[in-house]
Amino acid sequence: GQNIDQPTEMTATEGAIVQINCTYQTSGFNGLFWYQQHAGEAPTFLSYNVLDGLEEKGRFSSFLSRSKGYSYLLLKELQMKDSASYLCAVLDDYKLSFGAGTTVTVRA
Amino acid sequence: GAGVSQTPSNKVTEKGKYVELRCDPISGHTALYWYRQSLGQGPEFLIYFQGTGAADDSGLPNDRFFAVRPEGSVSTLKIQRTERGDSAVYLCASSFKGSQETQYFGPGTRLLVL
């Protein structure tokens, strides 16, 4: 089976940094994705890690450690529009298995 | 089109009725996926199409659910004898070829069974 865990909620202040952790235990692994999902909207692709290390893309960075079954998404210089749910997902061939999502609330 | 589109955006039906949900993938994408997302949860895999054929339908919850993709583009998810527990957001995604690729999601169809 697939087990993907991430915190339910996080709150941070505008301009700050937030780190969302994700741990996983899956039967197969072909990469880890982070998606952003605003309420009532489609999940939108943020990042993809298949090798260990840090991938940086603007204000967003994602880290992967395959040996530890661990990833994090780092959001820098938080803006109000970053308030959303962030989904960690593990890819096994063609099938994505998702965590329940972390709701991030950015306060002024 | 520019992205994955789904219709209708919302569907309210009564228990026992039949519904069809449509997905139009990104042009040129051969792989298409259906997921179901319940409130407060991440999406759960239902079915994967490679071209016209269902390569993996292991996520369909029971035989009331069926999906087709007759011409390898648009797909329809069909639910017979709907039950209140079927209420969820049904998401469609597509990718260029299928295996080990980024999947791009549509806005979903919010199904409410009364």
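Calculation rules
- Residues numbered from 1 in each chain as written.
- Chains lettered and ligands numbered in written order.
- Predicted model: local features only at pLDDT ≥ 70, side-chain atom pairs only at ≥ 80, totals over all residues.
- Heavy atoms only, no water.
- 1 Å grid on protein atoms, 1.4 Å probe; cavity = no way out; pocket = protein on both sides within 12 Å on 5 of 7 lines; lining within 4 Å.
- Points joined across faces, edges and corners; volume = space filled by probe spheres on them.
- Nonpolar A, V, L, I, M, F, W, Y, C, P; charged D, E, K, R; others polar.
- Helix = DSSP H or I, 4+ residues; strand = E, 2+ residues; numbered from the N terminus.
- Contact = heavy atoms within 4.5 Å.
- Buried area = accessible area lost by both parts, 1.4 Å probe.
- Salt bridge = Lys/Arg side-chain N within 4 Å of Asp/Glu carboxyl O.
- Polar contact = N/O pair within 3.5 Å; in protein donor to acceptor, adjacent residues only side chain to side chain.
- Buried < 20%, exposed > 50% of the residue type's maximum accessible area, 1.4 Å probe, protein only.
- Pairing = 2+ DSSP bridges.

A look at the layout of surface pockets
Then, in step 1: Its volume calculated, the largest pocket comes out at about 450 Å³.
Then, in step 2: Forming the boundary of the largest pocket are 20 residues, of which Gln37(A), Gln37(B), Leu39(B), Gly40(B) and Gln41(B) lie nearest the centre.
Then, in step 3: Residues belonging to the lining of the largest pocket are distributed by class as follows: six nonpolar, twelve polar and two charged.
Then, in step 4: Volume-wise, the second largest pocket comes out at about 160 Å³.
Then, in step 5: For the second largest pocket, the full set of lining residues is Leu96(A), Ser97(A), Phe98(A), Gly99(A), Ala100(A), Ser38(B), Gln41(B), Gly42(B), Pro43(B), Glu44(B) and Phe45(B).
Then, in step 6: Of all the elements, strand β10 (residues 95-98) of chain A adds the most residues to the lining of the second largest pocket, at three residues.
Then, in step 7: Its residues placed into classes, the lining of the second largest pocket shows five nonpolar, five polar and one charged.

Quick word on the interface of chain B and chain A
Then, in step 1: Taken together, the contact pairs 23 residues of chain B with 18 residues of chain A.
Then, in step 2: Of the roughly 1600 Å² buried at the junction of chain B and chain A (both faces included), carbon and sulfur atoms supply 55%.
Then, in step 3: Between the two partners, chain B and chain A, sit one salt bridge.
Then, in step 4: Between Lys95(A) and Asp56(B) there is a salt bridge, with its nearest N and O atoms 3.5 Å apart.
Then, in step 5: There are eight residue pairs in polar contact (both at pLDDT 80 or more) connecting chain B and chain A.

Quick look at the pairing of strand β8 (residues 75-79) of chain B
All names here are of chain B.
Then, in step 1: A large share of β8 lies buried, amounting to four of its five residues.
Then, in step 2: Sheet analysis places strand β3 (residues 19-24) next to β8, joined by five bridges and oriented antiparallel. Directly across from valine 19, in β8, lies its bridge partner isoleucine 79.
Then, in step 3: Taken together, the four bridges between strand β7 (residues 65-68) and β8 define a ladder with antiparallel strand orientation. Bridged to phenylalanine 66 within β8 is lysine 78.
Then, in step 4: Here β7 folds back onto β8, and the loop between the two strands holds six residues, one of which, glycine 72, carries a positive phi near 80°.

Function cannot be read off these values alone, since they describe shape.
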